[in-house]
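Commentary on secondary and tertiary structure
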Amino acid sequence: MKLVETLALAAALTLSPVAGSALAETPAKAEAGAGEILLAKVNGLVCDFCAQSIRKIVGKDEAVQKVYVDLSKGEVRVDLKPGKSLDDAALEALIRKAGYSMVSVDRNFAK
């Protein structure tokens, strides 16, 4: 019976996406005329649930165009819509609402 459980677990792990690689979407290079880009260091990002929670809560803000989560680096990249802004306190409040704590934020790091 133990062998069957082990094989079932191995099959499930093989078929499921690797945590981190599936979540750490590679953001496209900044397009001309694109909005501001924020990169937040966040404590506690360790699993797919963490990334989904961050993307769901932060992505609902009207200024946010796209949210990328890199679990291996503990970073959240937030691409804002052109002409929109999101101050550090508002971003921190969104991350806190998702259940995590923001350590720092870097603005326009990729431009």
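Above this text you will find the structure in question.
Residues numbered from 1 in each chain as written. Predicted model: local features only at pLDDT ≥ 70, side-chain atom pairs only at ≥ 80, totals over all residues. Heavy atoms only, no water.

Now for the overall build of the protein chain. Helix and strand content of the protein chain: 3 helices and 4 strands. Written out in order from the N terminus, the α and β elements of the protein chain read α-β-α-β-β-α-β. The buried share of the protein chain, reckoned over its 111 residues, is 33%. Restricting the contact set of the protein chain to residue pairs at least 6 apart, pairs at least 24 apart contribute 66%. Carbon and sulfur atoms form 57% of the exposed surface of the protein chain, whose accessible area is close to 6900 Å². (Helix = DSSP H or I, 4+ residues; strand = E, 2+ residues; numbered from the N terminus. Buried < 20%, exposed > 50% of the residue type's maximum accessible area, 1.4 Å probe, protein only. Contact = heavy atoms within 4.5 Å. Areas by Shrake-Rupley, 256 points an atom, 1.4 Å probe, with all protein chains shown as cover.)

Let's shift gears to helix H2 (residues 48-59). With 12 residues, H2 ought to run about 16 Å at 1.5 Å a step, and its terminal C-alpha atoms sit 16 Å apart, in line with that. Turning to H2, the residues buried within the fold contact strand S2 (64-70), strand S3 (75-80) and helix H3 (88-97). (Expected span 1.5 Å × (residues − 1).)

As a further point, take the environment of Lys41. For Lys41, the location among the structural elements is in strand S1 (residues 37-43). Look at Lys41 and you get partly exposed, because its relative accessible area is 35%. A C-alpha to C-alpha distance of 5.9 Å links Lys41 and Met102, two positions 61 residues apart in sequence. Not counting residues up to four positions away in its chain, the partners in contact with Lys41 are Lys73, Gly74, Glu75, Ser101, Met102, Val103 and Ser104. Looking at Lys41, its side chain comes within polar contact range of the side chain of Glu75, at 2.9 Å. (Polar contact = N/O pair within 3.5 Å; in protein donor to acceptor, adjacent residues only side chain to side chain.)

Below, the discussion takes up H3. The periodicity of an α-helix, 3.6 residues per turn, causes residues three or four places apart in sequence to face the same way. Within H3, the full set of buried residues consists of Leu91, Leu94 and Ile95. Projected onto a plane normal to the axis of H3, the buried residues spread over an arc of 95° and lie on a single side. Exposed residues lying more than 90 degrees from the buried face of H3 are Ala89, Arg96 and Lys97. Buried residues along H3 sit against S1, H2, S3 and strand S4 (101-107). Following H3 by one or two positions, Gly99 has its phi on the positive side, about 105°. (Arc of directions from axis to C-beta.)

Now for the packing of H2 against H3. Direction vectors running N to C along H2 and H3 enclose 135°, while the axes themselves pass 8 Å from each other. With respect to their mutual orientation, H2 and H3 come out oblique. For the pair H2 and H3, the crossing hand works out as right-handed. Mapping the contact onto sequence places Ile54, Ile57 and Val58 in H2 and Leu91, Leu94, Ile95 and Lys97 in H3. Grouping the constituent residues of the contact of H2 with H3 by class yields 6 nonpolar, no polar and 1 charged. (Axes fitted to C-alpha atoms, helices over the stretch in contact; angles between N-to-C directions. Parallel < 35°, antiparallel > 145°, perpendicular 65-115°, else oblique. Left-handed = near helix turned anticlockwise from the far one by under 90°. Nonpolar A, V, L, I, M, F, W, Y, C, P; charged D, E, K, R; others polar.)

Purely spatial values, then, with no claim about function.
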